[in-house]
There are 2 protein chains.
Amino acid sequence: MEAKFVNPFLSSLLNVLSTMAQLELKPQAPRLKKDEVARGDVSGVIGMIGPMTKGSFSISFDKSLALEVMHRMLGERPKDINDDVTDMIGEITNMVTGGAKRILADQGYEFNMATPIVVSGPSHTIQHKTDGAKILMPFTSEYGIATIEICFAK
Amino acid sequence: MEAKFVNPFLSSLLNVLSTMAQLELKPQAPRLKKDEVARGDVSGVIGMIGPMTKGSFSISFDKSLALEVMHRMLGERPKDINDDVTDMIGEITNMVTGGAKRILADQGYEFNMATPIVVSGPSHTIQHKTDGAKILMPFTSEYGIATIEICFAK
């Protein structure tokens, strides 16, 4: 997998969070993941299938960052990760993937999206099981870390 | 969503675990899930996309049951959920969904599978975010509980 598949997810995430939550995340260097594992307290995951490939995307948030995004997007400030927060993470997962899908379609790479799944649980880990390349990319903010991971099968 | 979409996943799971691990799970009544949430220590999730619909499937295991399946399938008995266990859960997710896909294709319902994602973390919860019906189905065994959830968007 090449950078051209990663940048659309990166720019889509920055765009979604700055537009919807007025929040600027700072992207860190992407890693071709070997041992490193995405970790978070609430994650959205989604499957992608195209004519040439299939894959998966995930975005994992620290609880503190997820609750701050919730406050900025919807005005609510829940103490914990409740159903409103997981709904929002599902929506963000859809929006980020949908934005990347549009950019990639313009470049001739088509895929369709499955429906998102949201995982909640303190410090869980996410592993994309494929023989293809996986790229993990952390984002920092003053409220905590978000990590995206993108993989496409060979 | 109707029973005809659920039974293929049910029979495929029972078949995979009895064939690969000589383990008989006892299916409990399926629930049209409202408040109930699938919970486990290790889960496999996968996206599905067909010409008429899209959806997602998940299977969540108690740690004790996952380790017992590992022992029976591969002869190893790790103390904890390591990468071998998550690989196995990814494979089971693929096999169960692949089995259901073949049964449903014979009935005229085609879909393609994305790549599986495995989540680890004590007592995490899984929520499928779709406006379509979701069906949750627990399975009991002397080693712990497994729960599958199937959803297809409207």
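Residues numbered from 1 in each chain as written. Chains lettered and ligands numbered in written order. Predicted model: local features only at pLDDT ≥ 70, side-chain atom pairs only at ≥ 80, totals over all residues. Heavy atoms only, no water.

Asker: Can you walk me through the overall build of chain A in this structure?
Answerer: Each helix and strand in chain A was counted, giving 3 helices and 8 strands. Each helix and strand of chain A, ordered N terminal to C terminal, gives the series α-β-β-β-β-α-α-β-β-β-β. Here the C-alpha coordinates of chain A stretch approximately 45 × 30 × 25 Å along the principal axes. Each of the 154 residues in chain A was classed as buried or not, and the buried ones make up 55%. A separation of at least 24 residues holds for 67% of the contacts in chain A among residues at least 6 apart in sequence. Accessible area of chain A: about 6,600 Å², with a carbon and sulfur share of 51%. (Helix = DSSP H or I, 4+ residues; strand = E, 2+ residues; numbered from the N terminus. Buried < 20%, exposed > 50% of the residue type's maximum accessible area, 1.4 Å probe, protein only. Contact = heavy atoms within 4.5 Å. Areas by Shrake-Rupley, 256 points an atom, 1.4 Å probe, with all protein chains shown as cover.)

Asker: How should I be thinking about the packing of aromatic side chains in this particular structure?
Answerer: Within a pair of aromatic rings, the relevant descriptors are the distance that separates the centres and the angle that separates the planes. All names here are of chain A. Taken as a whole, this structure holds 8 aromatic pairs over all chains when the rule is applied. Between F5 and F152, the aromatic rings sit 5.5 Å apart at their centres with planes inclined by 50°, giving tilted as the arrangement. Taken as a pair, F5 in helix α1 (residues 3-21) and F152 in strand β8 (residues 144-152) lie far apart in primary sequence, 147 residues in all. The class for F152 is buried, based on a relative accessible area of 8%. Their ring planes at 25° and their centres at 5.0 Å tell us that F9 and F57 sit as a pair that is stacked. Here the residue F9 occupies a position in helix α1, and F57 occupies one in strand β4 (residues 54-61), the gap between them amounting to 48 residues. (Phe/Tyr/Trp six-rings, centres within 6.5 Å; stacked < 30°, edge-to-face > 60°.)

Asker: In this structure, what is going on with the nonpolar core? I would like to understand it.
Answerer: For soluble globular proteins, the rule of thumb is that nonpolar side chains tend to be buried together. Residues F9, F57, F61 and I148 of chain B are the most contacted members of the largest nonpolar core, which totals 39 residues. For this core, the elements supplying multiple residues, two or more each, are α1 (3-21), β3 (38-49), β4 (54-61), α2 (63-74), α3 (83-106), β7 (134-141) and β8 (144-152) of chain B. No other element matches the 8 residues that α1 of chain B contributes to this core. Counting 38 residues, the second-largest nonpolar core is a separate cluster that includes L65, A100, I148 and I150 of chain A. (Core = buried A, V, L, I, M, F, W, Y, C linked by side-chain atoms within 4.5 Å.)

Asker: For this particular structure, what's the right way to read the relation of the copies chain B and chain A?
Answerer: What connects the two chain copies is a rotation about an axis and a shift along it. Of the transformation placing chain B onto chain A, the axial shift is 0.0 Å and the rotation is 180°, giving an RMSD of 0.0 Å. With respect to symmetry, the two chain copies, as superposed, fit the operation of a two-fold axis. It is G47 of chain B whose C-alpha, among those of chain B, lies nearest the rotation axis, at 2.2 Å. Comparing interface residues between copies, 100% of those in chain B also sit at the interface in chain A, which points to an isologous, same-surface contact. (Least-squares fit on C-alpha atoms with pLDDT ≥ 70 in both.)

Asker: Hey, could you run me through α2 of chain B in this one?
Answerer: Quick reminder: α-helices carry 3.6 residues per turn. Residues three or four places apart thus point the same way. All names here are of chain B. Relative to the 16 Å expected for 12 residues at 1.5 Å per residue, α2 spans 16 Å between its end C-alpha atoms, a close match to the ideal helical length. The set of residues buried in α2 consists of L65, A66, L67, E68, V69 and M70. G75 occupies a position one or two residues after α2 and carries a positive phi of about 80°. (Expected span 1.5 Å × (residues − 1).)

Asker: Whenever I open this one, helix α3 (residues 83-106) of chain A confuses me. Can you help?
Answerer: Under the 1.5 Å per step criterion, the end-to-end length of α3 of chain A is 35 Å for 24 residues, consistent within 8% with the ideal 34 Å. A side-chain oxygen of the first residue of α3 of chain A lies 3.0 Å from the backbone nitrogen of D84 of chain A; this N-cap is N82 of chain A. (Polar contact = N/O pair within 3.5 Å; in protein donor to acceptor, adjacent residues only side chain to side chain.)

Asker: What is the right way to read the packing of helix α2 (residues 63-74) of chain A against α3 of chain A from this model?
Answerer: A packed helix pair is summarised by two numbers, namely the angle formed by the two axes and the spacing between the axes. Residues and elements named next belong to chain A. As a packed pair, α2 and α3 sit with axes 10 Å apart at the nearest point and diverge in direction by 85°. Taken as axis vectors, α2 and α3 run roughly perpendicular relative to one another. Contacts between α2 and α3 involve A66, L67, V69, M70 and M73 from the former and D84, V85, M88, I89, I92 and M95 from the latter. Looking at side-chain class alone, the contact of α2 with α3 contains 10 nonpolar, no polar and 1 charged residues. (Axes fitted to C-alpha atoms, helices over the stretch in contact; angles between N-to-C directions. Parallel < 35°, antiparallel > 145°, perpendicular 65-115°, else oblique. Nonpolar A, V, L, I, M, F, W, Y, C, P; charged D, E, K, R; others polar.)

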